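Structural overview for review
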Amino acid sequence: MPRHDPHSYADLKQGSIERIDFDLRIRMDERDIHGVARYRLDRPSPGVLDLDTHRITIDSVRSEKTDLPWSLEPEEAILGQRLHIEGLTGAKEFSLAFRCTEEARALQWLNPEQTASGKHPFLYSQCQSINARSLFPCQDSPSVRFTYSARVRAPAPLRVVMAAAPGDEGSDQQGSFHRFEMPQPIPSYLFALAVGEIVSKEVSHRCRVYAEPALIDAAAWEFGEMEMMLSHGEELFGPYLWDRYDVLVLPRSFPYSGMENPRLTFLNPVLVTGDRSETDTLAHELAHSWTGNLVTNATWEDFWLNEGWTSYAESRITERLSGEDLAQLLNVAKSGQLREDITRYGADSKLTCLKYSQEGIDPEEAFSRIPYYKGQFFLVNLERAAGRQAFDRFIREYIQAFAFRSITTEAFLEFLHQRLPQAAARVPIDEWIYRPGLPSSLPEFRSRYYDQVAAVVSAYREGRLPTRAEVSGWTPRQREVLLLMLPERIPEQDVRALDEAFDFASTVSYVTLSYFYRLAILSGYQDILPRAQKFVLDTGPLLSMERVMRALAQTDWSRPHARPLFERVRPRIHPVTGARLARELDRAGA
Ligand SMILES: [Zn+2]
């Protein structure tokens, strides 16, 4: 059975789905979704069609009122179950009735207590990378794009939002419904919905923030620069082709900082810090409107095409919005995080390559910042080799050439060699893309903010700790870079002194705190335990939670606390986060 994508049963010789019309009924108390979906293929079917599913119940498969034969094959790890449909010869359309439950790994069903108001349940989806198949049967490969409509029923007074154009609300004998239309073709991983007590506030004529009522004003202020970011994006990368750009601020258990669902970015509320210091995540998700959502990786093996390009694009937007000093400081932080991830996997691990075979590997498990930052720094090298003007022209040509298409790394490299042959010849492309570890030509970044941090770090190496006055004006990112630059373990009394100088007890930056707690735990600063426990229990993006849990599990004094803490937090977090943390603890023997 030929498969072009190691994470999907899709066989493109059978045709590709080009349109789906959904009718969905969401029951919050029962925690299930009943769906009927009408599918259209891009050509008459040769007879059979394989779709991806994961723990979905199929009730019927029909074509023009005739029941079609179908079978669900035994579940395989990672992939799920192949739904094999027969009897489609010559047909372009068919429909499926299906049900998904609490077991759907794309979904997190939240109790009222897990929301800001505590009054209503909340539901949201996270389909990247291969979770859309747990929500509806599909060719769950980023190489297949389709448009869709959806009629969604959910219990009043809850509001449904989707990464699509909202249509009217209506009602019939079965109750009220919300309608959505997605006119731009998307891969399945960009299908997204949320249901809950959600209100909205306009930011500009094409930008709106959605959030729970308690957060809406703070969120609308925090992300108030989105229109400006969008304009910078258009100037840099070409027209914005998705009509509107809105964001939805989710409850804290959302596993990522942000998810670039088209027309409706999903964001974690830990980014609402009151000082706009974490809005580079918004710039990142918004930049995906060009790199990732418009030009998409063909398989998850080409993930760096989505994330390396977007980290690069995000940095260009930040540079325009907040100046070069801040943009370059963030790049220094990214260099530190890249080294951290490469060290964790080992410099000869294939997981540190930009492209490698992912046969038998769960993309969720392979998730790290390597495709993001190693990818970005590869592009920075190309930019420096080509000169910014030529590279900017190349970016726009690249996006225009592949808009609404899904491409492989090799297709990108071919385009690069055609359009920028001289720059391509000056960068060791093979080393960057196909070899593990840190490439020898890692770019350096200069920033006034960084110089201040470097001065404090070298004073520390000579035995002098920073005073509160010295660091009082520092940005949260400077603190983060400092923590990344310090040794992994330092004397316990030094941790205490840093805790006071930086006033970490009143720091709100989630990422910065995760680095501080890690340092404190590894250094044996046992007073930190209640704060570190609270940090984990409050929940937040996966990578930061994982950093603290891993430190707890790795250190002798804290190891006995790791498993009980995990058991307490597990019911509050997304299944993806839970599975990752469980693996971490198993690995550490906690
Ligand atoms: Zn991204």
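The notes below deal with the structure included here. (Residues numbered from 1 in each chain as written. Predicted model: local features only at pLDDT ≥ 70, side-chain atom pairs only at ≥ 80, totals over all residues. Heavy atoms only, no water.)

Counting its regular elements, the protein contains 19 helices and 22 strands. Expected size for 590 residues packed as a compact globule is a radius of gyration near 25 Å; at 24 Å, the protein falls within 12% of this value. For the protein, the C-alpha atoms occupy an extent of roughly 80 × 60 × 50 Å along the three principal directions. Every one of the 590 residues in the protein was classed for burial, and the buried ones make up 63%. In the protein, of all internal contacts separated by at least 6 residues, the share reaching a separation of at least 24 is 72%. Carbon together with sulfur atoms contributes 48% to the accessible area of the protein, which is approximately 22,000 Å² in total. For the protein, the distance from the average site of its 69 positive side-chain charges to the average site of its 82 negative ones is 1 Å. (Helix = DSSP H or I, 4+ residues; strand = E, 2+ residues; numbered from the N terminus. Rg over C-alpha atoms; globule rule 2.2 N^0.38 Å. Buried < 20%, exposed > 50% of the residue type's maximum accessible area, 1.4 Å probe, protein only. Contact = heavy atoms within 4.5 Å. Areas by Shrake-Rupley, 256 points an atom, 1.4 Å probe, with all protein chains shown as cover. Lys, Arg positive; Asp, Glu negative; His and termini not counted. Charge placed at Lys NZ, Arg CZ, Asp CG, Glu CD.)

Here R133 shows up in the loop between strand 10 (122-125) and strand 11 (145-153). Only 2.9 Å separates the side chain of R133 from the side chain of D140, close enough to count as a polar contact. Ignoring anything within four residues of it in the chain, the contact list for R133 reads H7, S8, D52, T53, H54, I56, I78, L79, R105, C138 and D140. (Polar contact = N/O pair within 3.5 Å; in protein donor to acceptor, adjacent residues only side chain to side chain.)

With respect to the element layout, P436 can be found in the loop between helix 10 (429-434) and helix 11 (448-461). Linking P436 and L354, residues 82 residues apart in sequence, is a C-alpha distance of 7.9 Å. In this view, P436 contacts A347, D348, S349, T352, C353 and K374; residues no more than four positions away in its chain are not counted.

What follows concerns unusual backbone geometry. The omega torsion of the bond from Q128 to S129 falls at 0 degrees, within 30 degrees of zero and hence cis. In this chain, A156 is followed by P157 through a cis amide linkage whose omega measures 5 degrees. Mapped onto the secondary structure, P157 falls in the loop between strand 11 and strand 12 (159-162). Although it is not a glycine, R31 adopts a positive phi angle of roughly 55 degrees. Within the secondary structure, R31 is located in the loop between strand 1 (17-27) and strand 2 (32-41). R31 sits in the buried class, given a relative accessible area of 17%.

Tallying each qualifying case throughout the model produces 44 aromatic pairs. Look at Y39 and F94: their rings are 4.9 Å apart centre to centre, the planes differ by 0 degrees, and that puts the pair in the stacked class. Taken together, the residues span a long stretch of sequence, with Y39 in strand 2 and F94 in strand 8 (residues 93-100) at a distance of 55 residues. With a centroid separation of 6.2 Å and an interplanar angle of 45 degrees, the aromatic rings of Y398 and F415 are classed as tilted. Taken together, the residues span a long stretch of sequence, with Y398 in helix 7 (residues 388-402) and F415 in helix 8 (residues 409-419) at a distance of 17 residues. The exposure classification of Y398 matches that of F415, with both residues buried. Ring-pair connections join several aromatic residues into one group, and the members of that group are W304, W309, Y312, F378, F391, F394, Y398, F402, F412, F415 and W432. The cationic tip of R276 hangs over the ring face of W221; the distance from NZ or CZ to the ring centre is 4.2 Å. Above the face of the Y515 ring, R547 is positioned so that its terminal group lies 4.0 Å from the ring centre. (Phe/Tyr/Trp six-rings, centres within 6.5 Å; stacked < 30°, edge-to-face > 60°. Lys NZ or Arg CZ within 6 Å of the ring centre and 35° of its normal.)

Before going further, it helps to examine the pairing of strand 1. Sheet analysis places strand 1 next to strand 2, joined by ten bridges and oriented antiparallel. Looking at strand 2, one finds that R19 is bridged to R40. Hairpin remark: strand 1 followed by strand 2, antiparallel, with four residues in the connecting loop; positive phi at R31, about 55 degrees. In terms of strand pairing, strand 1 meets strand 11 through seven bridges, oriented parallel. Note on strand 11: the bridge partner recorded for D23 is R151. (Pairing = 2+ DSSP bridges.)

What follows deals with the coordination of the zinc ion. Protein ligation of the zinc ion involves H284 (NE2), H288 (NE2), E307 (OE) and E307 (OE), the donor distances falling in the range 2.0 to 2.7 Å. The site at the zinc ion holds four donor atoms, and with the angles between them running 53 to 150 degrees, its shape is irregular. When the donor residues of the zinc ion are listed from N- to C-terminus, their spacing reads H-x3-H-x18-E. Of this pair, H288 sits in the loop between helix 3 (280-287) and strand 21 (295-297) while E307 sits in helix 4 (residues 303-322), placing them 19 residues apart in sequence. Like E307, H288 is buried. (Donors = N, O, S within 2.8 Å, 3.2 Å for Na, K, Ca; no water. Tetrahedral: all angles 85-135°; square planar, octahedral: opposite > 155°, others 65-115°.)

With that settled, the discussion passes to the sheet that holds strand 7 (residues 81-85). The strand order across the open sheet formed by three strands is 3-7-6, and the pairing between neighbours is antiparallel. Sheet topology places strand 3 (49-53) and strand 6 (70-72) at the edges, where each strand pairs with a single neighbour. Recorded for the sheet is a direction-independent mean angle of 20 degrees between the axes of neighbouring strands. Across five bridges, strand 3 lies against strand 7 in antiparallel orientation. Directly across from L51, in strand 7, lies its bridge partner L83. (Axes fitted to C-alpha atoms, helices over the stretch in contact; angles between N-to-C directions.)

So, about the nonpolar core. Grouped together as the largest cluster of nonpolar side chains are 193 residues, with contacts concentrated most on F136, Y148, F223 and F412. No other element matches helix 15 (residues 510-522), which puts ten residues into this core. Setting aside residues no more than four positions away along its own chain, F412 makes contact with W304, L305, W309, F378, L379, F394, Y398 and I407. By size, the runner-up hydrophobic cluster in this structure holds five residues, among which are C353, Y356, I361 and A366. (Core = buried A, V, L, I, M, F, W, Y, C linked by side-chain atoms within 4.5 Å.)

On to the sheet that holds strand 18 (residues 245-249), then. In space, the five strands of this open sheet follow the order 16-17-18-20-19, with mixed pairing throughout. Whereas interior strands pair on both sides, the edge strands pair on one side only; in this sheet they are strand 16 (199-204) and strand 19 (258-259). In this structure, strand 17 (residues 207-211) lies alongside strand 18, joined through four bridges in parallel fashion. By the bridge assignment, Y210 is partnered in strand 18 with L248. The sheet strands contacting helix 2 (residues 226-237) are strand 16, strand 17 and strand 18, and the helix crosses strand 17 at an angle near 130 degrees.

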